[in-house]
Amino acid sequence: MALRAAVLRHIRVPVGTLTATGPKPLQWSLCSSLRFFSSHDDHLTKEEVIERVLSIVKSFPKVDPAQVTPDVHFQKDLGLDSLDNVEIVMALEEEFKLEIPDKEADKIDSCHLAIEYIYNHPLAG
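An unreviewed UniProt entry lists the chain under the name Acyl carrier protein, with Rubroshorea leprosula given as the organism. You can read under Subcellular location (unreviewed entry) in the UniProt record for the chain the words "Mitochondrion". The UniProt entry for the chain carries the following text under Subunit (unreviewed entry): "Complex I is composed of at least 49 different subunits."

The following block contains the structure:
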């Protein structure tokens, strides 16, 4: 019953009025009655993505936060290994509520690539 009430609160159907000559014809179209809902109206700005990605990388235990920049490479510049790389990608997935496919995750080996991937992902939040 609660589900029905919740659904009915969001559905709008025009109601015709009765006149002395009979009911008024309804001019109703499905498109004019739809309400669109999305939890992804606010796409992240690039600055927000940069700030959050750098924060994740700086908080990684094996990383010196002073060395982290938007262009830093995880293995070459920070001395991380491939397992550390996987852990950072997993932390980014959790932070931005994404699931990055393994094929794409293998390519993310720097802050720059992480920022670009997340910024261009339509569901990043």
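Here we take up the nonpolar core. Among the nonpolar cores identified, the biggest contains 27 residues, and Val53, Val57, Phe74, Leu92, Phe96 and Ile118 are the most heavily contacted of them. Put simply, the parts of the chain that give this core at least two residues each are helix H3 (46–58), helix H4 (82–96) and helix H6 (111–120). Every residue in contact with Phe96, bar those within four places of it in the chain, is listed here: Leu44, Val49, Arg52, Val53, Ile118, Leu123, Ala124 and Gly125.

Think of it this way: side chains of opposite charge can pair up when their charged atoms draw near. In total, this model carries four salt bridges according to the counting rule given. Between Lys46 and Glu116 there is a salt bridge, with its nearest N and O atoms 2.4 Å apart. Placement of the pair is Lys46 in helix H3 and Glu116 in helix H6, with a sequence separation of 70 residues. For Lys46, a relative accessible area of 28% corresponds to the partly exposed category. Glu95 is paired through a salt bridge with Arg52; the nearest N and O atoms lie 2.8 Å apart. On the criterion of sequence distance, the pair formed by Glu95 in helix H4 and Arg52 in helix H3 is long-range, its members being 43 residues apart. The class of Glu95 is partly exposed, set by a relative accessible area of 28%.

The subject of this paragraph is the layout of surface pockets. Taken as a whole, the largest pocket spans an internal volume of roughly 170 Å³. Lining the largest pocket are Gln75, Ser82, Asn85, Val86, Val89, Met90, Glu93, Ile100, Asp102, Ala105, Asp106 and Asp109. At the level of elements, H4 and helix H5 (102–105) are the ones that each hand at least two residues to the lining of the largest pocket. In terms of residue class, the lining of the largest pocket is made up of five nonpolar, three polar and four charged.

A positive phi angle is found at Lys97, which is not glycine, with a value near 55°. Positionally, Lys97 belongs in the loop between H4 and H5.

Definitions and limits used
Residues numbered from 1 in each chain as written. Predicted model: local features only at pLDDT ≥ 70, side-chain atom pairs only at ≥ 80, totals over all residues. Heavy atoms only, no water. UniProt positions renumbered as here; feature names shortened; annotations may be inferred. Core = buried A, V, L, I, M, F, W, Y, C linked by side-chain atoms within 4.5 Å. Buried < 20%, exposed > 50% of the residue type's maximum accessible area, 1.4 Å probe, protein only. Helix = DSSP H or I, 4+ residues; strand = E, 2+ residues; numbered from the N terminus. Contact = heavy atoms within 4.5 Å. Salt bridge = Lys/Arg side-chain N within 4 Å of Asp/Glu carboxyl O. 1 Å grid on protein atoms, 1.4 Å probe; cavity = no way out; pocket = protein on both sides within 12 Å on 5 of 7 lines; lining within 4 Å. Points joined across faces, edges and corners; volume = space filled by probe spheres on them. Nonpolar A, V, L, I, M, F, W, Y, C, P; charged D, E, K, R; others polar.

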